[in-house]
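# Analysis of the macromolecular model
Each chain is listed here by its residues.
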Amino acid sequence: MSTIIIQHDDCLRHNPGPSHPESALRVKAVMAGLDGLRSLEILPAPRATAGQISRVHPQAFWADITLKEPAEGVVGIDVDTFLSNGSVDAALRASGALCFAIDQILDNRALRAFCAVRPPGHHSEQAVAMGFCLLNHVAIGAMHALQRPDIKRVAIIDFDVHHGNGTQAIFEQNPDVMYVSSHQLPLYPGTGQTDETGCGNILNLPLAPGDGGKSFRHAWSSKGLPAIHGFEPDLILISAGFDAHQRDPLAQMELQDADYHWITDQICDLADDSCHGRVASILEGGYDLEALAGSSRAHVQALAC
Ligand SMILES: [Zn+2]
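Here the structure is a predicted model, which is why all the values come from computation and not from measurement.

The rules behind the values
- Residues numbered from 1 in each chain as written.
- Predicted model: local features only at pLDDT ≥ 70, side-chain atom pairs only at ≥ 80, totals over all residues.
- Heavy atoms only, no water.
- Donors = N, O, S within 2.8 Å, 3.2 Å for Na, K, Ca; no water.
- Tetrahedral: all angles 85-135°; square planar, octahedral: opposite > 155°, others 65-115°.
- Helix = DSSP H or I, 4+ residues; strand = E, 2+ residues; numbered from the N terminus.
- Buried < 20%, exposed > 50% of the residue type's maximum accessible area, 1.4 Å probe, protein only.
- Salt bridge = Lys/Arg side-chain N within 4 Å of Asp/Glu carboxyl O.
- Expected span 1.5 Å × (residues − 1).
- 1 Å grid on protein atoms, 1.4 Å probe; cavity = no way out; pocket = protein on both sides within 12 Å on 5 of 7 lines; lining within 4 Å.
- Points joined across faces, edges and corners; volume = space filled by probe spheres on them.
- Nonpolar A, V, L, I, M, F, W, Y, C, P; charged D, E, K, R; others polar.

Looking at the zinc ion, one finds its protein donor set to be Asp160 (OD), Asp160 (OD), His162 (ND1) and Asp243 (OD), positioned 2.0 to 2.7 Å from the metal centre. Between the four donor atoms coordinating the zinc ion, the angles at the centre fall across 52 to 154°, so the site counts as irregular. All donor residues of the zinc ion come from one chain, and their arrangement in sequence is D-x1-H-x80-D. With Asp160 in the loop between strand 6 (154-158) and helix 6 (165-171) and Asp243 in the loop between strand 9 (235-240) and helix 8 (257-274), this residue pair connects regions lying 83 residues apart in the sequence. When its relative accessible area of 1% is taken as the criterion, Asp160 is described as buried. Judged by relative accessible area, which is 0%, Asp243 ranks as buried.

Encoded structure:
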C-alpha cells in the first residue's frame with residue numbers, strides 16, 4: 001500500500017501578516033521537498049465537519065473564531081495568533097486532512113499518510129486558540145479515529161520543539177489516548193515538565209537548549225518509544241514539527257535531517273509491531289524553509305519505506 005500526502009490550496013490562504021514566521025511559504029517548501037519521491041499519492045483534503053470539530057472544541061468557541069475572521073487585513077487573537085480572510089477554511093482543511101488520512105488508512109486504502117497543511121494545531125486547547133494554532137487537528141484526528149469500534153487506543157507522538165500544551169490538556173483525563181512529547185525547555189509555552197502525567201497517559205521528555213540529536217534519540221529510545229509500545233495503540237498519530245532543526249530561528253535544539261529520518265523509522269517499526277503499521281502524520285511547526293524542505297523529505301522517505 002502506498003503512502004499518501006494530503007494537502008489543499010486553501011491552507012495557503014491563511015495569512016497572519018508579512019513578518020509572521022508561520023507563512024504559506026512553509027507548505028510550499030514542504031511540497032517542493034517531497035518532489036521526486038517515489039510511490040507517493042497526493043490527495044486533496046476535505047473540510048472537517050462540525051461534528052468532527054465538536055468532539056474537541058465547544059461549538060461556541062469555533063463560532064466565535066469564524067465570526068472574527070476579517071474580510072481583509074488581520075485580526076489578532078493573542079500576541080502571536082492571527083486571523084485573515086481564509087484562515088477558517090485553512091484550519092478546516094487541515095483538520096479535515098487528518099480525518100481523511102485516518103479513514104484512508106483504517107479502510108486499508110493506504111498504510112501511512114502525511115498531511116502537508118497549516119496553520120499548525122497542537123497549542124490549541126478546547127476553547128483557547130494560541131501559539132499560531134486555531135483548531136487542534138491531531139486531537140480532532142484522534143477523536144475521529146476513536147469512533148471506530150476497532151480503534152480502542154490512539155498514541156500521539158509530538159516531536160515539535162514546542163510542547164503541545166493543547167493536546168496534553170485535551171487528553172490528560174482520557175486513558176484511550178497516550179500523548180508523548182519531546183520538546184525544548186525552557187521555551188514557549190512553558191508546559192511539558194516531567195511531572196505532568198495526566199491519568200498516567202502523558203509522558204513529557206523535555207530537552208535543554210543545545211541538546212542535539214544524541215540526547216533526542218536517547219530520550220525516545222529509552223523512554224518515549226517503550227512507553228508507546230506498552231500502551232499497545234491501534235493507531236499512531238504524529239504531530240510532526242520540524243522546528244527542532246539546527247537551522248530553525250525559534251529554538252536551539254540542533255537536530256539534523258537525519259534525526260527526523262531516524263525518529264520516523266523508529267515510529268514505523270513500532271507501528272509494524274503494534275498496529276499493523278498504521279501511522280498518520282500532520283505538519284506542526286518548522287520555520288526555516290530550507291530545514292523544513294529537507295527534514296519533511298527525510299520524514300516522508302522513512303514513512304514510505
Ligand atoms: Zn513548534
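A word on the pattern of salt bridges. Across all of its chains, the model carries 15 salt bridges by this definition. Residue Asp10 pairs with Arg47 through a salt bridge whose shortest N-O separation is 3.9 Å. With Asp10 in the loop between strand 1 (3-7) and helix 1 (25-34) and Arg47 in the loop between strand 2 (40-44) and helix 2 (50-54), the pair connects residues that are 37 residues apart, well separated along the chain. Residue classification places Arg47 among the partly exposed residues on the basis of a relative accessible area of 41%. For Arg217, the salt bridge goes to Asp259, with nearest N and O atoms at 2.8 Å. Of this pair, Arg217 sits in helix 7 (residues 213-231) while Asp259 is found in helix 8, placing the two residues 42 residues apart along the sequence. In this structure Arg217 comes out as partly exposed when scored by relative accessible area, which is 28%. Given a relative accessible area of 5%, Asp259 falls into the buried group.

Let us look at helix 4 (residues 87-106). In this model helix 4 runs 29 Å from its N-terminal to its C-terminal C-alpha over 20 residues, within 8% of the 28 Å that 1.5 Å per residue would give. Of all 20 residues in helix 4, 18 are buried, a share of seventy percent or more. Trailing helix 4 by a residue or two, Asn108 shows a phi angle of about 60°, which is positive.

Cis geometry is adopted by the peptide bond preceding Pro119, which originates at Arg118 and carries an omega value of -5°. Cis peptide bonds are those with omega within 30 degrees of zero, and the linkage from Leu185 to Pro186 qualifies with 0°. Relative to the helices and strands, Pro186 resides in the loop between strand 7 (177-184) and strand 8 (202-207). Of note in this structure, Glu232 is not a glycine but carries a positive phi near 55°. By the secondary structure assignment, Glu232 is in the loop between helix 7 and strand 9. Not every positive phi belongs to a glycine, and His276 is a case in point at roughly 55°.

Below, the discussion takes up the layout of surface pockets. Of the voids in this model, the largest pocket is the one considered here, and its volume is about 170 Å³. Every residue lining the largest pocket is counted, 15 residues in all, and those nearest its centre are His123, Phe132, His162, Tyr188 and Leu250. Residue composition of the lining of the largest pocket, by class: six nonpolar, five polar and four charged.

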